[in-house]
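Residues per chain, in single letters:
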Amino acid sequence: MFIGKYNRSVILTYAGVGIAFLGVALVLAGQIAPAMICLILAGVCDLFDGVIARRCKRDEVVKEFGVQIDSLADVMDFLTLPSVLGLYLTGGMGVFRYPVFLFYILCGIIRLAWFNTSAATEGVRSHYDGLPVTYAALILPILWVLLKYAGGFPSATVVSGIWAAAYILMGFLFILNVRVPKPRGIWYGVLGILAAGVTVLILL
């Protein structure tokens, strides 16, 4: 009746998009801490959606759909939501902040397109080329916590500059030709615990 796939192999991917959309709405309402938690939760969904998908019985069409929908969801989860957050957090830079997030988004979509191309031509690999955009779900909340507890910065412009530098660095890492190991085994637990710890620090 409907095009697309709606089974449990993609349910976490769709859930991540819904959480990211909620995060955008929270930023627009000025609720940054909850929006950061939404970013973390979207990252957790992305971390485990592949695990669930691999445990499902899938034909080649479902597998290819999963690759494509995952990258499209990443645009919302780890490019759109972080950029909206960043625009709020770099308000001290005025109009100069806009090129920063254009750069971040462009690098992100280039990296996602490269991932899809590699997946189609090379199959399953043990590493990523460039930093996965998903890592924004940890980098940005950790930086937010560090700035929250550091304090003492002389002006909003300085804080804005720190955020802008973080986004520019992530953009470069998205497209830098370096190998980043894929999380396996115990690393799923480590990343899950790290996400939970950062969430608690945000709530305190």
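Above this text sits the structure in question.
Small disclaimer: the values here were computed from a predicted structure and weren't measured.

(A) Spatial organisation of the overall build of the protein chain. For the protein chain, the count of helices and strands is seven helices and two strands. Listing every helix and strand of the protein chain by position from the N terminus yields α-α-α-α-β-α-α-β-α. Whereas a compact globule of 204 residues would reach a radius of gyration of roughly 17 Å, the protein chain reaches 17 Å, a difference of no more than 12%. Along the first, second and third principal axes, the C-alpha set of the protein chain runs to 55 × 40 × 35 Å. Looking at the 204 residues of the protein chain, the share that counts as buried comes to 43%. Nonlocal contacts in the protein chain, meaning residues at least 24 apart in sequence, comprise 81% of its contacts between residues at least 6 apart. By element, 73% of the accessible surface of the protein chain is carried by carbon and sulfur atoms, the whole surface being about 10,900 Å². Each charge class in the protein chain can be summarised by its mean position, and for the 14 positive and 10 negative side chains these summaries are 5 Å apart.

(B) Looking closely at helix α6 (residues 156–175). Along its 20 residues, α6 runs 29 Å from first to last C-alpha, staying within 8% of the 28 Å computed at 1.5 Å per residue. Buried within α6 are the following residues: Ser160, Trp163, Ala164, Ala166, Tyr167, Met170, Gly171 and Phe174. Down the axis of α6, the buried side of the element spans an arc of 155°, and every buried residue falls inside it.

(C) Fine view of the nonpolar core. By size, the foremost hydrophobic cluster in this structure holds 42 residues, and its most contacted members are Met36, Leu85, Trp144, Trp163, Tyr167, Phe174 and Ile202. Of all elements in the fold, only α1 (11–28), α2 (32–54), α3 (60–89), α4 (98–122), α5 (136–150), α6 and α7 (186–203) reach the threshold of two or more residues within this core. The element that contributes the greatest number of residues to this core is α2, accounting for eight residues. Once you skip the residues sitting within four places of it in the chain, Phe174 turns out to touch Leu79, Tyr104, Cys107, Gly108, Arg111, Asp129, Gly130, Leu131, Pro132 and Val133. Counting five residues, the second largest nonpolar core, distinct from the first, contains Val51, Leu138, Tyr188 and Leu191.

(D) Fine view of a nonpolar patch on the surface. Taken together, the side chains of Leu102, Ile105, Leu106, Ile109, Ile110 and Ile175 make up a nonpolar region of the molecular surface, amounting to roughly 500 Å² of accessible area. The element best represented in the nonpolar patch is α4, accounting for five residues. In this fold, Ile109 is placed in helix α4.

(E) How the structure looks around the packing of aromatic side chains. Enumeration according to the criterion identifies seven aromatic pairs in this entry. Note on Phe48 and Tyr188: the rings are 5.7 Å apart at their centroids and 40° apart in plane angle, and the pair reads as tilted. You can see Phe48 sitting in helix α2 and its partner Tyr188 sitting in helix α7, a full 140 residues away along the chain. A relative accessible area of 28% places Phe48 in the partly exposed class. On the basis of relative accessible area, Tyr188 is assigned to the buried category, the value being 17%. On the basis of an interplanar angle of 75° and a centroid distance of 4.8 Å, the ring pair of Phe101 and Tyr167 is categorised as edge-to-face. Linking Phe101 in helix α4 with Tyr167 in helix α6, this pair joins segments that are 66 residues apart in sequence. Take Tyr167: its relative accessible area is 0%, and that puts it in the buried class. Across the ring face of Tyr128, the terminal group of Lys182 is positioned such that the distance to the ring centre comes to 5.4 Å.

(F) View of the packing of α3 against α6. At a minimum axis distance of 9 Å, the contact between α3 and α6 shows a crossing angle of 155°. Between α3 and α6, the interaxial angle falls into the category roughly antiparallel. As for the relative orientation of α3 and α6, their crossing is left-handed in sense. Of the residues in α6, those in contact with Leu79, Pro82, Ser83, Leu85, Gly86 and Leu89 of α3 are Ser160, Trp163, Tyr167 and Phe174.

(G) Layout of the packing of α2 against α3. The contact between α2 and α3 brings their axes to 11 Å, and the two run at 160°. Of the possible angle classes, the one that applies to α2 and α3 is roughly antiparallel. As for how α2 packs across α3, the hand of that crossing is left-handed. For the pair α2 and α3, contact is made by Ile32, Ala35, Met36, Cys38, Leu39, Ala42, Gly43, Asp46 and Asp49 and by Asp70, Asp74, Asp77, Phe78, Leu81, Pro82, Leu85, Tyr88 and Leu89, respectively. Taken together, the residues that form the contact of α2 with α3 break down as 12 nonpolar, one polar and five charged.

Parameters at a glance
- Residues numbered from 1 in each chain as written.
- Predicted model: local features only at pLDDT ≥ 70, side-chain atom pairs only at ≥ 80, totals over all residues.
- Heavy atoms only, no water.
- Helix = DSSP H or I, 4+ residues; strand = E, 2+ residues; numbered from the N terminus.
- Rg over C-alpha atoms; globule rule 2.2 N^0.38 Å.
- Buried < 20%, exposed > 50% of the residue type's maximum accessible area, 1.4 Å probe, protein only.
- Contact = heavy atoms within 4.5 Å.
- Areas by Shrake-Rupley, 256 points an atom, 1.4 Å probe, with all protein chains shown as cover.
- Lys, Arg positive; Asp, Glu negative; His and termini not counted.
- Charge placed at Lys NZ, Arg CZ, Asp CG, Glu CD.
- Expected span 1.5 Å × (residues − 1).
- Arc of directions from axis to C-beta.
- Core = buried A, V, L, I, M, F, W, Y, C linked by side-chain atoms within 4.5 Å.
- Patch = residues over 30% accessible without salt bridge, like charges linked within 9 Å, V, L, I, M, F, W, Y side chains within 5 Å.
- Salt bridge = Lys/Arg side-chain N within 4 Å of Asp/Glu carboxyl O.
- Phe/Tyr/Trp six-rings, centres within 6.5 Å; stacked < 30°, edge-to-face > 60°.
- Lys NZ or Arg CZ within 6 Å of the ring centre and 35° of its normal.
- Axes fitted to C-alpha atoms, helices over the stretch in contact; angles between N-to-C directions.
- Parallel < 35°, antiparallel > 145°, perpendicular 65-115°, else oblique.
- Left-handed = near helix turned anticlockwise from the far one by under 90°.
- Nonpolar A, V, L, I, M, F, W, Y, C, P; charged D, E, K, R; others polar.

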